[in-house]
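Coordinate analysis (summary)
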Amino acid sequence: MSFEVSIILFGGGRMGSAMLRGWIASGIGPGAIHVMTPRPDEALLGLAAECGVRVNPPLTARAGQAVVLAVKPQRVAEIADQIATIATPDTLIVSVMAGKTIADLRMLFPEVPSFVRAMPNLPAAVGSGMTVAVADCSAGQRLLAERLLSSTGAFEWLDDEALMDAATGVSGSGPAYLFYIADCLTSAGIAAGLPAEVAERLARATVAGAGAMLAPDGPSAEQLRRDVTSPNGTTQAGLEILTADGVLMGLVEQTVAAAAMRARELAAA
Ligand SMILES: NC(=O)c1ccc[n+]([C@@H]2O[C@H](COP(=O)([O-])OP(=O)(O)OC[C@H]3O[C@@H](n4cnc5c(N)ncnc54)[C@H](OP(=O)(O)O)[C@@H]3O)[C@@H](O)[C@H]2O)c1
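Residues numbered from 1 in each chain as written. Predicted model: local features only at pLDDT ≥ 70, side-chain atom pairs only at ≥ 80, totals over all residues. Heavy atoms only, no water.

A word on the side chain of threonine 131. Counting through the fold element by element, threonine 131 comes out in strand β7 (residues 129–136). Judged by its relative accessible area of 1%, threonine 131 falls in the buried class. Excluding its chain neighbours within four sequence positions, the residues that come into contact with threonine 131 are Ala118, Met119, Pro120, Leu149, Thr152, Ala154, Phe155 and Glu156. (Helix = DSSP H or I, 4+ residues; strand = E, 2+ residues; numbered from the N terminus. Buried < 20%, exposed > 50% of the residue type's maximum accessible area, 1.4 Å probe, protein only. Contact = heavy atoms within 4.5 Å.)

Okay, the domain arrangement of the protein chain next. Quoted interface sizes are often the accessible area lost when the parts come together. Domain parsing of the protein chain yields domain 1 (7–165) and domain 2 (174–268). Using C-alpha coordinates to define each centre, domain 1 is positioned 32 Å away from domain 2. Interface area, domain 1 with domain 2, both sides summed: about 510 Å², of which 67% is carbon and sulfur. Ranking the residues of domain 1 by area buried against domain 2 places Gly99, Leu122 and Asp165 at the top, with a combined share of 70%. Inspection of the region where domain 1 meets domain 2 yields zero salt bridges. Among the residues making up the side of domain 1 that touches domain 2, the classes are represented as two nonpolar, three polar and two charged. (Domains from an automatic or database assignment. Buried area = accessible area lost by both parts, 1.4 Å probe. Salt bridge = Lys/Arg side-chain N within 4 Å of Asp/Glu carboxyl O. Nonpolar A, V, L, I, M, F, W, Y, C, P; charged D, E, K, R; others polar.)

In this section: the environment of glutamate 50. Take glutamate 50: it is sitting in helix α2 (residues 42–51). On a C-alpha basis, the gap between glutamate 50 and proline 30 in space is 9.8 Å, while along the polypeptide they are 20 residues apart.

Bringing a nonpolar patch on the surface into the picture now. Taken together, Leu242, Val247, Leu248, Leu251 and Val252 make up a surface patch of nonpolar side chains, about 420 Å² in accessible area. Top element by residues in the nonpolar patch is helix α11 (residues 247–268). It accounts for four residues. Inspection of the secondary structure puts leucine 242 in helix α10 (residues 234–242). (Patch = residues over 30% accessible without salt bridge, like charges linked within 9 Å, V, L, I, M, F, W, Y side chains within 5 Å. Areas by Shrake-Rupley, 256 points an atom, 1.4 Å probe, with all protein chains shown as cover.)

Next up on the list: helix α7 (residues 174–191). Between its first and last C-alpha atoms α7 spans 26 Å; for 18 residues at 1.5 Å apiece the expected length is 26 Å, and the two agree. Listed as buried for α7 are Gly174, Pro175, Ala182, Thr186 and Gly189. Within α7, the buried residues cover an arc of 135 degrees as seen down the axis, which keeps them to one side. Facing away from the buried side of α7, by more than 90 degrees, are the exposed residues Tyr180 and Ala191. The inward-facing, buried residues of α7 abut α6 (164–172) and α8 (196–213). Immediately downstream of α7, the backbone of glycine 193 shows phi near 115 degrees, a positive value. (Expected span 1.5 Å × (residues − 1). Arc of directions from axis to C-beta.)

Quick look at the layout of surface pockets now. Considering only enclosed or pocket space, the second largest pocket measures out at about 1,100 Å³ in volume. What lines the second largest pocket is a set of 36 residues, among which Arg14, Met15, Ala70, Val71 and Lys72 lie closest to the centre. Listed by contribution, the elements that provide at least two residues to the lining of the second largest pocket are α1 (14–25), α6 and α7. Looking at the lining of the second largest pocket, the element that brings in the most residues is α1, giving four residues. Looking at the lining of the second largest pocket residue by residue, the classes come out as 19 nonpolar, eleven polar and six charged. (1 Å grid on protein atoms, 1.4 Å probe; cavity = no way out; pocket = protein on both sides within 12 Å on 5 of 7 lines; lining within 4 Å. Points joined across faces, edges and corners; volume = space filled by probe spheres on them.)

With that settled, consider the sheet that holds strand β5 (residues 92–95). The eight strands are arranged β3-β2-β1-β4-β5-β6-β7-β8 in an open sheet whose pairing can be described as mixed. Edge positions in the sheet fall to β3 (54–55) and β8 (153–157), since each of these pairs with one other strand and no more. (Pairing = 2+ DSSP bridges.)

With that out of the way, let us pick up the packing of aromatic side chains. Using the criterion set out here, one finds one aromatic pair in the structure. Look at phenylalanine 155 and tryptophan 157: their rings are 5.0 Å apart centre to centre, the planes differ by 90 degrees, and that puts the pair in the edge-to-face class. A relative accessible area of 16% places phenylalanine 155 in the buried class. Residue classification places tryptophan 157 among the buried positions, given a relative accessible area of 18%. A cation over an aromatic ring shows up here: arginine 142 above the ring of tryptophan 157, its NZ or CZ 4.4 Å from the ring centre. (Phe/Tyr/Trp six-rings, centres within 6.5 Å; stacked < 30°, edge-to-face > 60°. Lys NZ or Arg CZ within 6 Å of the ring centre and 35° of its normal.)

See the structure below:
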């Protein structure tokens, strides 16, 4: 379904490009999208040319109902003047910058009335992201932000901005934990006698396949685990080690807590 909204995307890097691809795939009219990025790469230019997205055009007032910030937090001050010249009372800023709170955004962009702070994750690049967000804007702008942010995968509103740190610890940083589990499975496969390349292929496909079974509307992780565990079978033998004394559960709790703490520190810096 086609959907026309004027969007200015600042930052055409990994996350910005992933969102751009998601918007186009989800039917947002490319003619209304402007991408501002100092050195657009060939993939971005190719996508833009194919879809009619404008890259680095002169910006005029009212060019953006939504201004999406996908630059590194340390570069955001560079665009404050540009945004000041295009902001209107209807402008919504949607920021995916890690650690920049809505209060920070209000200080950076005093002319802008409405903000959404979002935290996507890396699988957004393959359309399987998990984005959480908090809003300080109108109901209509919430719908617009949800439309933009859900084009790269699953999406969830949080009621309280303080929860962004815990969400960062789970879904923001979570893909890296699972990549590490895949590495552990590879090493364990090698230790059990498999050739290294075979162990890696098995581990990758297993983590990817198990992840695909965790579709939002599917059975719970616990149910899936039970379904695959025959009494006294091989999986039970393995799980008895993995779950013994809740050691791994405790480690994962500490992992998420450490990431959430770091997110808090970065936001306060
Ligand atoms: N990647 C993720 O998984 C992820 C997850 C959650 C949140 N985020 C957030 O998303 C944001 C972008 O991250 P990323 O991984 O996409 O970084 P990235 O690949 O480095 O992309 C940032 C882009 O911003 C461009 N840029 C720099 N200065 C600019 C300016 N003044 N105006 C417009 N564009 C400018 C950069 O261009 P040049 O390279 O030419 O300087 C680059 O293309 C960050 O704030 C990050 O916290 C990313």
